[in-house]
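Residue-level listing of the chains:
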Amino acid sequence: MSRTQEILSQDLDHLWHPFTQMKLWPGEPPLVIERGKGNYLIDTEGNRYFDGVSSLWVTVHGHNHPAINQAIAEQLKHLDHSTLLGLTHPLAARLAAELARVTPGKLNKAFYSESGSTAVEIALKIAYQYWQQSGRPEKKTFVALGEAYHGDTLGAVSVGGIELFHQVYGPLLFPVHRLPQPFCRQCPLGLKRPSCDLACAQALEPMLAQHGREICALIVEPRVQGAAGIIVQPNGYVRRLWEICRKHDVLFIADEVATGFGRTGTLFACELEGVEPDLMCLGKGLTGGVLPLAATMATDRVYQAFLGEFDEFKTFFHGHTYTGNPLACAAALASLGLMETNRVVEGAAPVIEHLAKGLEAIARMDHVVQVRQQGLMAGVELARDKATDTPYDPSLRMGHKVIMAARKHGVIIRPLGDTVVLMPPLSSTTQDIDLLLSALGQAIAEVTGG
Ligand SMILES: Cc1ncc(COP(=O)(O)O)c(C=O)c1O
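Every chain is numbered independently, its residues counted from 1 as its sequence is written. Side-chain atom pairs in this predicted model are given and counted only at pLDDT of 80 or more, local residue features only at pLDDT of at least 70, and totals for whole chains, interfaces and linings cover all residues. Only hydrogens and water are removed before side-chain values are computed, so all heavy atoms of the structure are retained for them.

Draft legend 1. Representation of the domain arrangement of the protein chain within the structure. Domains are outlined according to an automatic or database domain assignment. Here the protein chain is partitioned into domain 1 (31–61 + 343–448) and domain 2 (69–341). A separation of 27 Å is found between the C-alpha centroids of domain 1 and domain 2. Contact definition: two residues touch when any of their heavy atoms are within 4.5 Å. Contacts between domain 1 and domain 2 engage 30 residues on the former and 30 residues on the latter. A 1.4 Å probe defines the accessible area here, and the buried area is the portion of it lost by two parts on being joined, summed over both. Between domain 1 and domain 2 lies a buried interface of about 2400 Å² when both sides are counted; carbon and sulfur atoms form 60% of it. When residues of domain 1 are sorted by the area they lose upon contact with domain 2, W57, Q374 and M377 head the list and together hold 27% of the total. Here a salt bridge means any side-chain nitrogen of Lys or Arg lying within 4 Å of a carboxyl oxygen belonging to Asp or Glu. Taken together, domain 1 and domain 2 are joined by 2 salt bridges. Residues D389 and R185 are paired through a salt bridge, measuring 2.9 Å at the closest nitrogen-oxygen approach. Two N or O atoms count as a polar contact when they lie within 3.5 Å, although within protein this holds only if one can serve as hydrogen donor and the other as acceptor, and sequence-adjacent residues are included solely when both atoms are side-chain atoms. Summed over the shared surface of domain 1 and domain 2, the result is 20 residue pairs in polar contact (both at pLDDT 80 or more). Helical segments are the DSSP runs of H or I of at least four residues, strand segments are the runs of E of at least two, and each set is numbered from the N terminus. Secondary structure elements with two or more residues in the side of domain 1 that touches domain 2: α2 (54–57), α13 (344–363), β13 (368–374), β14 (377–382) and β17 (419–422).

Draft legend 2. Examining the sheet that holds β17 more closely. Judged by pairing direction, the sheet is antiparallel, and its 4 strands sit side by side in the order β13-β14-β17-β16 without closing on themselves. Either end of the sheet is taken by a strand with one partner, and the two such strands are β13 and β16 (414–416). The sheet shows a mean angle of 25° between the axes of neighbouring strands, direction not considered. Two strands pair when backbone bridges link them, and β14 and β17 are joined in this way by 4 bridges, in the antiparallel orientation. Each residue of the ladder has a partner; that of E381, found in β17, is T419. Interaxial angles span 0 to 180 degrees and are taken between N-to-C directions of axes, which are lines fitted to C-alpha atoms, for helices over the stretch in contact. Lying on the sheet, α13 is in contact with β13, β14 and β17; it crosses β13 at an angle near 175°. With respect to the sheet, helix α15 (residues 430–448) is in contact with β13, β14 and β17, its orientation differing from that of β17 by roughly 165°. At least two bridges found by DSSP between two strands are what make those strands a pair.

Draft legend 3. Main features of the side chain of T259. In this fold, T259 is placed in the loop between β10 (251–255) and β11 (279–282). At a separation of 2.9 Å, a polar atom in the side chain of T259 contacts the side chain of E256. Residues in contact with T259, not counting those within four places in the same chain, are P222, V224, T264, L267, A269 and M377.

Draft legend 4. Spatial organisation of the environment of G265. Checked against the element boundaries, G265 lands in the loop between β10 and β11. Here's how the labels work: a residue is buried when its accessible area is under 20% of the maximum for its type, exposed when over 50%, partly exposed in between, all with a 1.4 Å probe on protein chains only. The class for G265 is partly exposed, based on a relative accessible area of 30%. For the pair G265 and L376, spaced 111 residues apart in sequence, the C-alpha to C-alpha distance is 7.1 Å. Beyond its immediate chain neighbours, meaning those up to four positions away, G265 contacts V345, I352 and G375.

Draft legend 5. Representation of the packing of aromatic side chains. Two aromatic rings, drawn from Phe, Tyr or Trp (for Trp, its six-membered ring), form a pair once their centres lie within 6.5 Å of each other, and the interplanar angle then sorts them: stacked below 30 degrees, edge-to-face above 60, tilted otherwise. Per the stated rule, a full pass over the model turns up 9 aromatic pairs. Aromatic side chains Y130 and W131 sit 4.8 Å apart centroid to centroid with 80° between the ring planes, which places their arrangement in the edge-to-face category. A relative accessible area of 3% places W131 in the buried class. Geometrically, the ring pair formed by F310 and F313 is edge-to-face, given 5.6 Å between the ring centres and 70° between the ring planes. Taking the relative accessible area as the measure of exposure, F313 reaches 47% and is therefore partly exposed. Grouping aromatic residues by their ring pairs yields a cluster made of F19, Y149 and F165. Charge-over-ring placement is defined geometrically: NZ (Lys) or CZ (Arg) within 6 Å of the ring centre, and within 35 degrees of the ring normal. Looking at K109, its charged tip hangs above the ring of Y303, at a distance of 4.4 Å from the centre. The ring centre of W242 lies 3.9 Å from the NZ or CZ of R246, which sits over that ring.

Draft legend 6. A look at the pattern of salt bridges. Counted under the stated rule, the structure contains 17 salt bridges. Bridged by salt links that share partners, the residues R185, R372, E381 and D389 form one connected network.

Draft legend 7. Layout of the site of the ligand. Put simply, a residue is near a molecule or strand once any heavy atom of it comes within 4 Å of that molecule or strand. Inspection of the region around the ligand gives W57, S115, G116, S117, Y149, H150, G151, E221, D255, V257, A258 and K284 as its neighbouring residues. Contact between the ligand and S117: an oxygen atom at 2.6 Å from a side-chain N or O atom of the residue. Only the protein chains shown count as covering a residue, and every accessible area follows the Shrake-Rupley method with a 1.4 Å probe. Here the ligand loses 84% of its free accessible area of 390 Å² to cover by the protein chains. Looking at the shell around the ligand residue by residue, the class counts come to 4 nonpolar, 5 polar and 3 charged. Residue polarity is assigned by list, with Asp, Glu, Lys and Arg as charged and Ala, Val, Leu, Ile, Met, Phe, Trp, Tyr, Cys and Pro as nonpolar; anything else, Gly included, falls into the polar class.

Draft legend 8. Structural detail: helix α3 (residues 66–76). Looking at α3, one finds that the buried residues are I68, I72 and Q75. Mapping the buried residues of α3 onto a view down its axis gives an arc of 65°, with all of them on the same face. Every exposed residue of α3 that faces more than 90 degrees away from the buried side is listed here: P66 and Q70. Residues of α3 that are buried sit in contact with α4 (90–102) and α12 (326–341). Comment: arc refers to directions from the helix axis out to C-beta atoms.

Draft legend 9. Quick peek at the side chain of T4. Its place among the elements puts T4 in helix α1 (residues 3–14). Judged by its relative accessible area of 13%, T4 is buried. A distance of 3.0 Å separates a polar atom in the side chain of T4 from a polar atom in the side chain of T44. Residue contacts for T4: discarding those within four places in its chain leaves V32, T44 and E45.

Take a look at the structure:
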């Protein structure tokens with residue numbers, strides 16, 4: 001048995017993969033990735049693939065960046081892990097200060113966890129408890145968007161709105177007020193830009209006028225609803241929501257797990273519209289995409305509500321075993337350092353432009369109904385009939401077929417239904433983008449015959 005076969009056989013026998021129909025898994029043996037170098041992943045057979053999805057939206061500076069590896073190795077010489085319960089350590093403190101410095105507005109406190117889902121869970125619990133301890137205990141419910149995705153833990157699933165992922169858990173979830181999804185091409189309100197005057201955001205006004213007394217917070221993925229299919233919100237959308245929240249004294253939670261750390265062309269998507277959230281969820285790119293670390297940022301105003309004497313029990317009774325792991329903090333600090341010294345966000349601008357130009361040709365293809373892009377996040381939506389906007393039958397799994405075909409052209413990407421997601425690392429060169437687009441174009445042509 002070859003090494004690859006041996007690994008595959010262990011995988012098939014024992015490994016349950018995320019978001020995967022395991023019955024179909026044996027029919028399509030996966031690539032076995034064993035090395036990463038820069039923007040490329042290398043499999044056990046020595047084949048090289050461009051990481052066109054940043055290993056699920058996390059890779060910022062490329063794989064195995066020497067500065068991040070060195071920071072982790074250096075930290076290992078001093079301290080592998082120590083708890084933040086009753087103790088602190090230098091890198092947890094320094095990273096919290098750095099995050100307070102680089103995040104927008106008055107976010108001055110960092111609460112660590114390990115994944116985007118937990119960063120969201122923590123934001124929801126903080127928002128809820130904030131009002132319990134601020135003399136407004138009736139403020140208990142949340143507002144979220146149609147088709148939102150905030151992670152897979154139950155609180156995050158409650159505010160999530162993707163039927164396919166979330167429906168089965170219905171009886172376990174708490175009720176949420178739902179805004180129409182800001183998806184202009186198929187506007188749920190049947191309106192058109194710009195005459196709609198952001199009616200989908202404005203819908204928050206009557207909702208809060210009626211229920212604001214009971215609503216503690218709104219949660220939104222600012223500018224891009226990622227898992228919904230890279231749905232890019234119209235300009236001014238996030239700011240409108242933020243202004244209405246402020247007017248009605250409802251906390252604003254920005255879930256920047258996917259959009260943070262330069263993905264959208266600015267360090268944080270909130271900056272695109274001058275929005276200053278009360279709570280912000282960070283994950284994915286926080287460590288440059290190297291180790292699991294997340295942070296929920298809070299303003300001093302929110303934080304103050306948790307201060308009191310011991311027996312007032314205003315404490316935030318929450319904390320995970322690996323909270324603020326020193327190795328992950330070392331990676332995050334090294335990544336933030338690289339972002340500043342190498343001016344990574346500014347440096348990505350020409351690459352974003354190059355991607356936009358290249359996507360114009362993809363958008364003209366017969367079975368591409370829409371291309372959506374914000375920064376280095378792009379979605380290429382396929383359709384059976386472009387003129388009438390008629391989708392393919394989902395059982396055809398066209399998105400899946402396209403990404404499998406792209407592998408033969410040296411690129412790893414992922415679909416969300418029939419939207420093919422492109423999420424190249426911020427360190428991508430224009431040549432990398434050319435490879436990505438050429439592989440995508442060929443794959444779509446092969447699969448759709450168009
Ligand atoms: C906006 C957003 N929030 C939260 C999450 C959950 O993050 P994680 O998978 O790290 O739990 C994701 C993951 O894709 C996301 O896109």
